[in-house]
Amino acid sequence: MMTLLKNGKLYDPAHHKDGVVEDIYISDGRIVSKPSEKEKISQTYDLTGKVVMAGAIDMHSHIGGGKVNIARMMLPEFQETKTYSEPEAHICTPNCSHNATPNTTDTGFRYIEMGYTAAFEPAILPINARQAHLEMGDTPMIDKGGYAMLGNDDYFLRLLASRADQKAINDYVAWTLHATQAIGIKVVNPGGISAFKFNQRRLNLDENNVHYQVTPRDILKSLSTAVSQLGIAKPLHVHCNNLGVAGNFQTTLDTMGASDGVPMHLTHIQFHSYGTEGDKKFSSAAAQITEALNKNKHITADVGQILFGQTVTASGDSMMQHLNAKHASPKKTVIMDVECDAGCGVVPFRYRDQNYVNALQWAIGLELFLSVDDPWRIFLTTDHPNGAPFTSYPHLIRLLMDKSFRNEAFAKLNLDAQAMSNLTSLNREYSLYEIAIMTRAGAAKLIGLNNCGHLGAGAQADITVYTDQPNREAMFAKPNYVFKNGELVVKDGVVIKVVWGATHVTKPAFDSGVERGLSEYFEKYHTIQMDNFKISDDEITADGRGKIIAHQTS
Ligand SMILES: [Zn+2]
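Now for a quick tour of the structure. (Residues numbered from 1 in each chain as written. Predicted model: local features only at pLDDT ≥ 70, side-chain atom pairs only at ≥ 80, totals over all residues. Heavy atoms only, no water.)

### Points about the packing of helix 13 (residues 393-401) against helix 14 (residues 403-410)
Short version of the rule: Axis definition: a line fit to C-alpha positions, over the contact stretch in the case of helices; interaxial angles, taken between N-to-C directions, run 0 to 180 degrees. We count a stretch as a helix when DSSP gives it H or I for four or more residues in a row; a strand needs E for two or more, and each element gets its number in order from the N terminus. Convention used here: angles under 35 degrees read as roughly parallel, angles over 145 as roughly antiparallel, angles from 65 to 115 as roughly perpendicular, and any remaining angle as oblique. Any pair of residues with heavy atoms lying within 4.5 Å of one another is described as a contacting pair. Three categories are distinguished: nonpolar for Ala, Val, Leu, Ile, Met, Phe, Trp, Tyr, Cys and Pro, charged for Asp, Glu, Lys and Arg, and polar for the others, with Gly belonging to the last.
The geometry of helix 13 relative to helix 14 is characterised by a closest axis approach of 5 Å and an angle of 105 degrees between their N-to-C directions. Relative to helix 14, the element helix 13 is oriented roughly perpendicular. Contacts between helix 13 and helix 14 involve His-395, Arg-398, Leu-399, Leu-400 and Met-401 on the former and, on the latter, Lys-403, Phe-405, Arg-406 and Ala-409. Partitioning the contact of helix 13 with helix 14 into residue classes produces 5 nonpolar, 1 polar and 3 charged.

Printed below as a string of structure tokens:
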């Protein structure tokens, strides 16, 4: 059984194809090279004039785990909004109140309908990993995976405080990846979530956590080294200290130097690019941040663009969410400590285009996108649902690709914010090729997914077909076809077949001696025993919903 996608215009940056007209052959769920004459083509799709890309990959989207469910439970009023599936509702207006935390089925459907075939949950708290996988396992259509959160957990901080050697840290990090079935490691407000429990309300990069006497810089150094020495493809995923605080750009610049040149990924960098200039003591530091990003080749970043409308912010950063709770809209909030592991904070929020800070946040995100030279090192995210729901991606893509559309939107913003942004002086318009880098090839390369994000022989046949049209929002909101593992699952923007994607993990080798200390620790301090904490392969693949794809370390 072979499928032929004929005459499409391929945007496949992994193979330097920028609108090259070429055929694609699919067999057994994979893209294969052109077969010999006698092999039979069972189905042909004529894609003449159509834009063909690999399925998109969201490298940072909160789709599973405790805080997403807290948001769902806390905001039942959003769950009942039915206009959500209407394509028009993808456009965020100030009055827009669509569902920021859709249920698992809707999550899978909305992603695949936009041509996304994979999404990665960036904040799996190890103690909540089972819950996160149960939710992701209940999310149809797409591949998934997650980054396990370390760096505020008592066990790690004890290791660091006792000056444990790097090998002990590496073993613990590798053990955590196995136990949580994750593909990467993330640190949120390094040391800060822990410090919050000891009544610190802010933590700067070189400030001690009062209990452990270690600094965020120590934590970043130790974890980034572990990730690199273990050969994990995905660099340490870093949510910097001082999220959302005016003047935090200096922390972000300093953080880039905290790993001594070892690769790190700085997430939702928009929320970390704020200065203190102007009457309102809140300004854009996008220029300083992008200058540093362009210079520091070991650093990658995703933007975490905000878009106007109702959403809910859900973060592991309980310290900063405690600060943000006063802005909750509607007025309800959950801030919690989670065992010895970390914490979280869920704060519903409405971004308003006539609000000075929100309007400037919107502009800062776009300034960042448009000023970073290398599209392989910047990624398209809204930090779903924190900046906006992922369903607003087509709108965001249009903002990046269409200067006049962008400038028209800018002209409607709060006037004081307009005066503080250089956005209209940035003439760049992203090309389809660059969009394909940011949302496909670059994301796959960053996470280490060798068989995703490209259209070469051997790739998973996750393929999206669009109609080239000047309105990029309409184009990216509703692909003509989406193929998942070679099967046609979306036609004209609507799901026609339900399938289950794989879970991507990595399992670096480690010294099993690490479990001696860990099992004792679990006995003493945790609510469950070590053996119950570990998630088996069978739990992930239960009910035949997807398989595990384990990626090699280098
Ligand atoms: Zn996030």
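Structure's up, so let's keep going.
### Digging into the packing of aromatic side chains
This is how it is decided: Each Phe, Tyr or Trp ring (for Trp, its six-membered ring) is paired with any other whose centre lies within 6.5 Å, and the angle between the two planes then decides the class: stacked below 30 degrees, edge-to-face above 60, tilted in between. Categorising residues by exposure relies on relative accessible area from a 1.4 Å probe, with only protein chains included: less than 20% of the type maximum marks a residue as buried, more than 50% marks it as exposed, and the intermediate range marks it as partly exposed.
Scanning the entire structure with this criterion turns up 19 aromatic pairs. Taking 4.8 Å as the distance between ring centres and 45 degrees as the angle between the ring planes, the aromatic pair formed by Tyr-155 and Tyr-172 counts as tilted. Separated by 17 residues along the polypeptide, Tyr-155 in helix 5 (residues 154-161) and Tyr-172 in helix 6 (residues 166-180) bring together distant segments of the chain. Judged by relative accessible area, which is 14%, Tyr-155 ranks as buried. Taking 6.0 Å as the distance between ring centres and 85 degrees as the angle between the ring planes, the aromatic pair formed by Phe-198 and Tyr-212 counts as edge-to-face. Residue Phe-198 is found in the loop between helix 7 (192-197) and helix 8 (216-229), and its partner Tyr-212 is found in the loop between helix 7 and helix 8; the two are separated by 14 residues along the sequence.

### Some remarks on the sheet that holds strand 17 (residues 342-351)
Note the cut-off: Pairing between strands is defined by DSSP: at least two bridges between them are needed.
With respect to topology, 3 strands assemble into an open sheet ordered 15-17-16, the strand pairing being antiparallel. Only two strands of the sheet have a single partner each, and these edge strands are strand 15 (309-315) and strand 16 (334-338). Ignoring strand direction, the axes of neighbouring strands in this sheet form an average angle of 15 degrees. Bridge count between strand 15 and strand 17: 7 bridges; the pairing is antiparallel.

### Details of the layout of surface pockets
Heads up, the rule is: Put plainly, a pocket is an open set of points on a 1 Å grid over the protein atoms alone with protein on both sides within 12 Å along at least five of seven lines, a cavity is a set where a 1.4 Å probe fits but cannot get out, and a lining residue has an atom within 4 Å of a point. Grid points are joined across faces, edges and corners, and a volume is the space filled by probe spheres set on the points.
Approximately 650 Å³ is the volume found for the largest pocket. As for the largest pocket, its lining consists of 34 residues, of which Gly-244, Asn-324, His-327, Phe-349 and Gln-361 are closest to the centre. Of all the elements in the fold, those that place two or more residues in the lining of the largest pocket are strand 15, helix 11 (318-324), strand 17 and helix 12 (356-371). Here the lining of the largest pocket is built from residues that sort into 13 nonpolar, 15 polar and 6 charged.

### Regarding empty space enclosed by the protein
Following the criterion strictly, the structure yields 5 cavities of 30 Å³ or more and no others. Estimated volume of the largest cavity: approximately 90 Å³. Residue lining of the largest cavity: 15 residues in total, with Asp-153, Tyr-155, Tyr-172, Asp-341 and His-526 positioned closest to the centre. Listing elements by their share of the lining of the largest cavity, those giving two or more residues are helix 5, helix 6 and helix 18 (514-525). Here the lining of the largest cavity is composed, by residue class, of 10 nonpolar, 2 polar and 3 charged.

### Remarks on the packing of helix 10 (residues 286-295) against helix 12
How we decide: The crossing is said to be left-handed when, going from far helix to near helix, the turn is anticlockwise and less than a right angle, and right-handed when the turn is clockwise.
Packing of helix 10 against helix 12 brings their axes to within 9 Å, and their N-to-C directions diverge by 30 degrees. What the angle tells us is that helix 10 and helix 12 run roughly parallel. Handedness of the helix 10/helix 12 crossing: right-handed. Counted together, Ala-286, Ile-289, Thr-290 and Asn-294 of helix 10 and Ile-364, Glu-367, Leu-368 and Ser-371 of helix 12 form the full contact between these two elements. Among the residues forming the contact of helix 10 with helix 12, the class breakdown is 4 nonpolar, 3 polar and 1 charged.

### A few points about the coordination of the zinc ion
When a metal holds four donors in a tetrahedron, each ideal angle between them is 109.5 degrees; when it holds six in an octahedron, the ideal angles are 90 or 180 degrees. We count it as follows: Coordination here is defined by N, O and S atoms within 2.8 Å of the metal (3.2 Å for Na, K and Ca), and since water is not considered, a site can look incomplete.
His-60 (NE2), His-62 (NE2) and Asp-383 (OD) make up the full set of protein donors to the zinc ion, lying at 2.0 to 2.1 Å. Of note, the zinc ion draws all its donor residues from one chain, in the sequence arrangement H-x1-H-x320-D. Note that His-60 is positioned in the loop between strand 6 (56-58) and helix 1 (66-74) and Asp-383 in the loop between strand 18 (378-379) and helix 13, a separation of 323 residues in sequence. For the pair formed by His-60 and Asp-383, the shared burial category is buried.

### Re the environment of Val-262
Looking at where Val-262 falls in the secondary structure, it is placed in the loop between helix 9 (249-256) and strand 11 (264-266). Residues Val-262 and Ile-299, 37 residues apart in the sequence, show an inter-C-alpha distance of 8.5 Å. If near-sequence neighbours (up to four positions away) are discounted, Val-262 is found in contact with Ser-224, Thr-225, Ser-228 and His-298.

### Description of helix 5
In an α-helix, one turn spans 3.6 residues, which is why side chains three or four residues apart end up on the same side. The element helix 5 is extensively covered by neighbouring structure, given that 6 of its 8 residues are classed as buried. Once helix 5 finishes, Arg-163 follows within two positions and takes phi at roughly 55 degrees, a positive value.

### Some details on the side chain of Asn-209
Selection criterion: N or O atoms within 3.5 Å of each other form a polar contact, as long as, within protein, one can give a hydrogen and the other can take it, and as long as residues adjacent in sequence are counted only when both atoms are side-chain atoms.
Note that Asn-209 resides in the loop between helix 7 and helix 8. A polar atom in the side chain of Asn-209 sits 3.2 Å from the backbone oxygen of Gly-191. Of note is the side chain of Asn-209, whose polar atom sits 3.0 Å from the side chain of Ser-194. Excluding residues that lie within four positions of it along the chain, Asn-209 makes contacts with Leu-157, Gly-191, Ser-194, Ala-195, Phe-198, Gln-200, Leu-203 and Val-214.

### Describing the environment of Met-149
With respect to the helices, strands and loops of the structure, Met-149 is situated in strand 8 (residues 143-149). For Met-149, a relative accessible area of 7% corresponds to the buried category. Along the backbone, Met-149 and Val-187 are 38 residues apart, and their C-alpha atoms lie at a distance of 5.5 Å. Setting aside anything within four residues of it in sequence, one finds Met-149 in contact with Ala-123, Ile-124, Leu-125, Pro-126, Lys-186, Val-188, Ile-193, Gly-316 and Ala-342.

### Quick look at the nonpolar core
Stated formally: We call a set of buried Ala, Val, Leu, Ile, Met, Phe, Trp, Tyr and Cys residues a nonpolar core when their side-chain atoms join them within 4.5 Å.
Of all hydrophobic cores here, the largest spans 134 residues; its most connected members are Trp-175, Trp-362, Phe-369, Leu-380, Leu-400, Tyr-430 and Phe-476. Ranked by the residues each element gives to this core, the list is headed by helix 12, at 10 residues. Aside from chain neighbours lying at most four places away, what touches Leu-380 is Tyr-116, Phe-369, Tyr-393, Leu-396, Ile-397, Leu-400, Met-438 and Thr-439. Counting 17 residues, the second-largest nonpolar core is a separate cluster that includes Ile-31, Val-52, Phe-483 and Leu-488.

### What about the environment of Val-68?
Summarising the element assignment, Val-68 is placed in helix 1. With a relative accessible area of 4%, Val-68 lands in the buried category. Between the C-alpha atom of Val-68 and that of Ala-328, which follows or precedes it by 260 residues, the distance is 16 Å. Discounting chain neighbours no more than four positions away, the residues touching Val-68 are His-62, Ile-63, Thr-101, Glu-121 and Glu-135.

### Here we look at unusual backbone geometry
Omega for the bond connecting Ser-329 with Pro-330 falls within 30 degrees of zero, at -5 degrees, which places this linkage in the cis form. Considering the arrangement of structural elements, one finds Pro-330 in the loop between helix 11 and strand 16. The linkage connecting His-384 with the following residue, Pro-385, adopts the cis geometry, with an omega of 0 degrees. Within the element layout of this structure, Pro-385 appears in the loop between strand 18 and helix 13. Backbone geometry at Asp-492 places phi at a positive 50 degrees, although glycine is not the residue there. Among the secondary structure elements, Asp-492 is positioned in the loop between strand 21 (487-491) and strand 22 (494-495). Exposure remark for Asp-492: the relative accessible area of 43% places this residue in the partly exposed category.

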